[in-house]
Amino acid sequence: MNNDIHFKYYDMVEEYAMESIEPVAEAEEDALALYFQLLLTRLMDNEEISENAQQEMAKEAGIDKKRIDDIAMFLNRWGNE
């Protein structure tokens, strides 16, 4: 667990892991938590999140770009609940 990332993002990773198409390895948890943090910070700041921005955040966080669409669908479902 990375102390610079708020625990609520790890909670999101845990939920995402239960619904994800691809299994989430324990080694991916920090990177996914950072990606959620970067993404949701932009959303809260009302910044546009283009495909390019998503790819840049994925690169910064160190997640596989194949997860971007799956995470977007997860967040869409999560936001609608």
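Right above here is the structure, for reference.
Below is a summary of the structure that appears in this document. This one's a predicted model, so the numbers in the text were calculated from it and none came from an experiment.

**Some points on the overall build of the protein**
Okay, step 1: Scanning the protein from terminus to terminus reveals four helices and zero strands.
Okay, step 2: Scaling as 2.2 N^0.38, a compact globule of 81 residues should have a C-alpha radius of gyration of about 12 Å, and the protein matches this with 12 Å.
Okay, step 3: If one aligns the C-alpha atoms of the protein with their principal axes, the spans along those axes are about 30 × 25 × 25 Å.
Okay, step 4: Taking all 81 residues of the protein together, 35% fall into the buried category.
Okay, step 5: A separation threshold of at least 6 residues defines the contact pool for the protein, and within that pool the share at least 24 residues apart is 60%.
Okay, step 6: For the protein, the accessible area works out to roughly 5,500 Å², and carbon and sulfur atoms hold 47% of it.

**Considerations on the packing of helix α1 (residues 7-19) against helix α2 (residues 29-44)**
Okay, step 1: Axis separation between α1 and α2 bottoms out at 8 Å; the angle between their running directions is 110°. Here α2 runs roughly perpendicular to α1, going by the angle between their axes. As α1 runs across α2, the sense of the crossing is right-handed. Contact with α1, carried on its side by Y9, Y10, M12, V13 and Y16, involves E29, D30, L32, A33, F36, Q37, L40, T41 and M44 of α2 and no other residues of that element.
Okay, step 2: Across the contact of α1 with α2, the residue classes tally to 10 nonpolar, two polar and two charged.

**Overview of the packing of α2 against helix α3 (residues 51-61)**
Okay, step 1: The N-to-C vectors of α2 and α3 enclose an angle of 145°; their axes lie 8 Å apart at closest approach. The element α2 and its partner α3 pack so that their crossing is right-handed. Residues A31, L34, Y35, L38, L39 and R42 of α2 touch α3, and the partners they reach there are A53, Q54, M57, A58, E60 and A61.
Okay, step 2: Split by residue class, the contact of α2 with α3 holds nine nonpolar, one polar and two charged.

**Focus on the environment of E60**
Okay, step 1: Mapped onto the elements, E60 comes out in helix α3.
Okay, step 2: With relative accessibility at 56%, the residue E60 sits in the exposed group.
Okay, step 3: Taking the C-alpha atoms as reference points, E60 and A31, separated by 29 residues in sequence, lie 8.8 Å from one another.
Okay, step 4: Beyond its immediate sequence surroundings of up to four residues, E60 is in contact with L34 and L38.

Each value, and the rule that gives it
Residues numbered from 1 in each chain as written. Predicted model: local features only at pLDDT ≥ 70, side-chain atom pairs only at ≥ 80, totals over all residues. Heavy atoms only, no water. Helix = DSSP H or I, 4+ residues; strand = E, 2+ residues; numbered from the N terminus. Rg over C-alpha atoms; globule rule 2.2 N^0.38 Å. Buried < 20%, exposed > 50% of the residue type's maximum accessible area, 1.4 Å probe, protein only. Contact = heavy atoms within 4.5 Å. Areas by Shrake-Rupley, 256 points an atom, 1.4 Å probe, with all protein chains shown as cover. Axes fitted to C-alpha atoms, helices over the stretch in contact; angles between N-to-C directions. Parallel < 35°, antiparallel > 145°, perpendicular 65-115°, else oblique. Left-handed = near helix turned anticlockwise from the far one by under 90°. Nonpolar A, V, L, I, M, F, W, Y, C, P; charged D, E, K, R; others polar.

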